[in-house]
Amino acid sequence: MNTTSSAVSPEFDTTFASLPERFYSYTQPVAVAHATPIIDNPTLGKELGIDPQWLASDEALQVLAGNQTAMGSAPMAQAYAGHQFGSFNPQLGDGRAHLLGEIVAPNGERFDLQLKGSGPTPYSRRGDGRSPLGPVIREYLISEAMASLGVPTTRSLAAIATGESVMRQGPAPGAVLTRIAPSHIRVGTFEYFAMQGDEEAVKTLADYCLKRHFSHLIKHQQPYLALLNAVIERQAKLIAQWQGFGFIHGVMNTDNMLICGATVDYGPCAFMDQFDPEKVFSSIDRQGRYRYNQQPGIGQWNLARLAQALLPLLHKDDEQALADAQQSLDNYVKHYGAAYQLVMSNKLGISKPQGGDQALTEQLLAIMAEHQLDFTLCFRYLLDQVATGAKHQPLGDAFIAPNELVVWQQQWQQRLATDPQGQTQRYQQMKRANPAFIARNHQVELAIRAAEDKGDYQPFYALLKVVQSPSDYQQTLRNFALAPMPQEVVQHTFCGT
Ligand code: AMP
Ligand code: MG
């Protein structure tokens, strides 16, 4: 670690602190025994305007481990509630996270800088406020993979080993993650105040969200309805993107759904290998509430909880408020449908969607499900079919197409022949939508095992590098693209938090 004193510390400018004190609790991170850097993200730091020298400095290490308070930072834990697996919990809040403050990036965008695993807070209940290394590595890998795929997400700025162990199924090494988000305001933040009947706080929070995330809507005739509609649209688009990459969030509780529309809380999440619309990974999701094909519907259910919380603000006439909310929630289906169609058109290389495309897509998915084809490789194989130019490296025998798929391809090629765009454009469109590399669950697991059991971070670094360029297939990286062997398949991911 570099100790140059010329490094410039980030400047905090925390608007959330201007909200009433019942929105948060000021609370300090708890220092850790022996902070050791695992990784930092200077590329993200640069986007945020954080001095790379600072990020690599001993001061940053101490600040991001929670051992030292940065200048201008007044750490706090945010209050929220949430529906967890369908049941309401009135008191959640950051039980193991500290918001160090907000920073304004050079492009004018504002971000939260939060530590996760930084010790207990007034919202910890019986939790220890800590995080094991495994979940920190998982979140780092998957959030950065999602960002590279162009999916709105919280980001990871740094991970630091604490030198302490935490007790879960057994003892595990501890770590602290630095998480960056456009904000951490959740559907559950609204529910927290709405369920207490604190309408004033709901309004204050809604005004704050309008100003921070949807400032173009402040002057709208019905700003709160416009806010609801905007969140609905963002979530519909987000979840359509998840579906397009075979991503299963795993814990779509309302406290894990952000108003800004970024993916948050990478717990027992995973990208699926073999296509199975009923796929569940999470060991805690016994009923399959958050399975792959249920995600769009759960999105709407969660947004209904937001609508409910906003109800008193939507219209002074209660019935009209209810009718407006209902209309907005109905529109979710339309927004989701349009977003999903766009996602699938991109994957299939279609620039002007037509009526028959849905059936074509459904036939493909049915073949994939029947033959248990690997979701990512199957779509990538379609890219290989339209590829031109010597630079494109095809999957080769990494994916073997069954006969039914070859037959389907003829229909698909006929459809493409009627689509106006040129080959190069189509190739670029499909390349972005059909990555060769996702953060495969068995690879994530290998990276975690090496780090936790042997203190070896090389598999983590190697996998991270690959998923940061998800569309650029090279035969030398074939191993990272391959579907797991039967004995490598990870059936469940554990919350392990
Ligand atoms: P999550 O499962 O990460 O969405 O967390 C749900 C709730 O449990 C949030 O209020 C967290 O802050 C809290 N929580 C999770 N793990 C811990 C922990 N180790 N210590 C304290 N609170 C926790
Ligand atoms: Mg959460």
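In what follows, the structure referred to is the one given above.
Residues numbered from 1 in each chain as written. Chains lettered and ligands numbered in written order. Predicted model: local features only at pLDDT ≥ 70, side-chain atom pairs only at ≥ 80, totals over all residues. Heavy atoms only, no water.

Helix and strand content of the chain: 16 helices and 11 strands. Relative to a compact globule of 497 residues, whose C-alpha radius of gyration would be 23 Å, the chain shows 23 Å and is just as compact. The buried share among the 497 residues of the chain stands at 57%. At a minimum sequence separation of 6, the contacts of the chain that also span at least 24 residues come to 73%. Only carbon and sulfur atoms are counted for the fraction: they give 51% of the accessible area of the chain, which is about 20,600 Å². Taking the average location of the 39 positive side-chain charges in the chain and that of its 47 negative ones, the two points are 3 Å from each other. (Helix = DSSP H or I, 4+ residues; strand = E, 2+ residues; numbered from the N terminus. Rg over C-alpha atoms; globule rule 2.2 N^0.38 Å. Buried < 20%, exposed > 50% of the residue type's maximum accessible area, 1.4 Å probe, protein only. Contact = heavy atoms within 4.5 Å. Areas by Shrake-Rupley, 256 points an atom, 1.4 Å probe, with all protein chains shown as cover. Lys, Arg positive; Asp, Glu negative; His and termini not counted. Charge placed at Lys NZ, Arg CZ, Asp CG, Glu CD.)

Neighbouring ligand 1 are 18 residues; Gly93, Gly95, Arg96, Asp128 and Gly129 lie closest to it. One nitrogen or oxygen atom from the main chain of Gly93 is found 2.6 Å from an oxygen atom belonging to ligand 1. Looking at the shell around ligand 1 residue by residue, the classes come out as 2 nonpolar, 8 polar and 8 charged. (Near = heavy atom within 4 Å. Polar contact = N/O pair within 3.5 Å; in protein donor to acceptor, adjacent residues only side chain to side chain. Nonpolar A, V, L, I, M, F, W, Y, C, P; charged D, E, K, R; others polar.)

Right, let's talk about the packing of helix H10 (residues 357-370) against helix H12 (residues 403-417) for a bit. It is the contact of H10 with H12, at a shortest axis distance of 10 Å, that shows an interaxial angle of 165°. Taken as axis vectors, H10 and H12 run roughly antiparallel relative to one another. The crossing of H10 and H12 is left-handed. Only Glu404, Leu405, Trp408, Gln411, Trp412 and Arg415 of H12 make contact with H10, whose side of the interface consists of Asp357, Leu360, Gln363, Leu364, Ile367 and Glu370. Class assignment of the residues belonging to the contact of H10 with H12 gives a composition of 6 nonpolar, 2 polar and 4 charged. (Axes fitted to C-alpha atoms, helices over the stretch in contact; angles between N-to-C directions. Parallel < 35°, antiparallel > 145°, perpendicular 65-115°, else oblique. Left-handed = near helix turned anticlockwise from the far one by under 90°.)

Quick look at the pattern of salt bridges now. Taken as a whole and judged by the stated rule, the model has 25 salt bridges. A salt bridge links Glu102 to Arg212, with the shortest nitrogen-to-oxygen separation between them at 3.3 Å. With Glu102 in strand E6 (residues 97-104) and Arg212 in helix H6 (residues 199-213), the pair connects residues that are 110 residues apart, well separated along the chain. Here Glu102 and Arg212 have matching classes, each one buried. (Salt bridge = Lys/Arg side-chain N within 4 Å of Asp/Glu carboxyl O.)

A few words on the coordination of the magnesium ion (ligand 2). All of the protein donors around the magnesium ion (ligand 2) are Asn256 (OD1) and Asp265 (OD); their distances to the metal are 1.8 to 2.1 Å. Across the pair, exposure class does not vary: Asn256 and Asp265 are buried alike. (Donors = N, O, S within 2.8 Å, 3.2 Å for Na, K, Ca; no water.)

Let us look at H10. Taking 1.5 Å per residue as the helical rise, H10 with its 14 residues ought to reach 20 Å, and the 20 Å between its terminal C-alpha atoms agrees with that figure. Those residues of H10 not exposed but buried are Asp357, Leu360, Thr361, Leu364, Leu365, Ile367 and Met368. When H10 is viewed along its axis, its buried side chains cluster within an angular range of 160° and face the same direction. Along H10, the residues that are exposed and aim more than 90 degrees away from the buried face are Gln358 and Glu370. On the buried face of H10, the contacting elements are helix H9 (318-348), helix H11 (375-386) and H12. (Expected span 1.5 Å × (residues − 1). Arc of directions from axis to C-beta.)

Another point: the packing of aromatic side chains. The geometry of an aromatic ring pair comes down to the distance between the two centres and the angle between the two planes. A complete count under the given rule lists 22 aromatic pairs for this structure. For the ring pair Phe275 and Phe375, a centre distance of 5.7 Å and an interplane angle of 35° mean the geometry is tilted. In this pair, Phe275 is assigned in the loop between strand E11 (270-271) and helix H8 (295-314) and Phe375 in helix H11, connecting sequence segments 100 residues apart. Site record: aromatic cluster; members linked through ring pairs are Phe16, Phe23, Tyr24, Tyr26, Tyr192, Phe193 and Tyr208. A cation sits over an aromatic face here: Arg305 above Trp301, 4.4 Å from the ring centre. The ring of Phe379 carries Lys347 above its face, with NZ or CZ at 4.5 Å from the centroid. (Phe/Tyr/Trp six-rings, centres within 6.5 Å; stacked < 30°, edge-to-face > 60°. Lys NZ or Arg CZ within 6 Å of the ring centre and 35° of its normal.)

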